[in-house]
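So the chains spell out like this:
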Amino acid sequence: MSDYEMVVIVSPEIGEEEKPKVIDKLGQLISDKEGTLGETKQLGKKRLAYPIKGFVEGDYVLTQFKLEPKFVKELDDNIKDSAEIIRSLIIKKSK
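Anyway, here's the lowdown on the structure attached to this text. The model shown is predicted, which means the values in this text are computed figures rather than measured ones.

1. Digging into empty space enclosed by the protein
Phase 1: Overall, the coordinates contain one cavity of 30 Å³ or more when judged by the stated rule.
Phase 2: By volume, the largest cavity is sized at about 40 Å³.
Phase 3: Along its surface, the largest cavity is lined by Val 22, Lys 25, Leu 26, Leu 29, Asn 78, Ile 79, Ser 82 and Ile 85.
Phase 4: Looking at the lining of the largest cavity, the elements that each hand over two or more residues are α1 (19-32) and α2 (72-80).
Phase 5: The greatest single-element share of the lining of the largest cavity, amounting to four residues, is contributed by α1.
Phase 6: Looking at the lining of the largest cavity, its residues break down into five nonpolar, two polar and one charged.

2. Quick look at the side chain of Lys 33
Phase 1: Along the polypeptide, Lys 33 turns up in the loop between α1 and β2 (36-52).
Phase 2: A polar contact is formed between the side chain of Lys 33 and the side chain of Glu 74, at a distance of 2.5 Å.
Phase 3: Beyond its immediate sequence surroundings of up to four residues, Lys 33 is in contact with Leu 67, Phe 71, Glu 74 and Asn 78.

3. Focus: the sheet that holds strand β1 (residues 2-10)
Phase 1: Taking strand neighbours across the sheet as the criterion, the four strands line up as β2-β3-β1-β4 in an open arrangement whose pairing is antiparallel. Here the strands that pair on one side only, and so sit at the sheet edges, are β2 and β4 (85-92). Here the average twist between neighbouring strands, direction ignored, is 20°.
Phase 2: Taken together, the ten bridges between β2 and strand β3 (residues 55-67) define a ladder with antiparallel strand orientation. Following the sheet pairing, Thr 36 is matched in β3 by Lys 66.
Phase 3: Along the sheet, α2 makes contact with β1, β3 and β4, crossing β4 at roughly 165°.

Thresholds, definitions, all that
Residues numbered from 1 in each chain as written. Predicted model: local features only at pLDDT ≥ 70, side-chain atom pairs only at ≥ 80, totals over all residues. Heavy atoms only, no water. 1 Å grid on protein atoms, 1.4 Å probe; cavity = no way out; pocket = protein on both sides within 12 Å on 5 of 7 lines; lining within 4 Å. Points joined across faces, edges and corners; volume = space filled by probe spheres on them. Helix = DSSP H or I, 4+ residues; strand = E, 2+ residues; numbered from the N terminus. Nonpolar A, V, L, I, M, F, W, Y, C, P; charged D, E, K, R; others polar. Polar contact = N/O pair within 3.5 Å; in protein donor to acceptor, adjacent residues only side chain to side chain. Contact = heavy atoms within 4.5 Å. Pairing = 2+ DSSP bridges. Axes fitted to C-alpha atoms, helices over the stretch in contact; angles between N-to-C directions.

Have a look at this one:
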């Protein structure tokens, strides 16, 4: 398994009570691929450098996890299909 970091921008239309469900869903997607979830940090609401899908701000979430490289593309595709996530980035951490 390789170490990865993922940053997602959650839509500002998602209420504070719904945000933990979205974050749990991300963790479940990783667990479903037999990955190991590490630390998850909510970085808060920030203004975007440019509008994304009509939004000018979003809630940033940073997640560290371990996953087999063959599942990363599938995880990324599942995240992009999510209506709650307006942007995501997954990077492999160097050792």
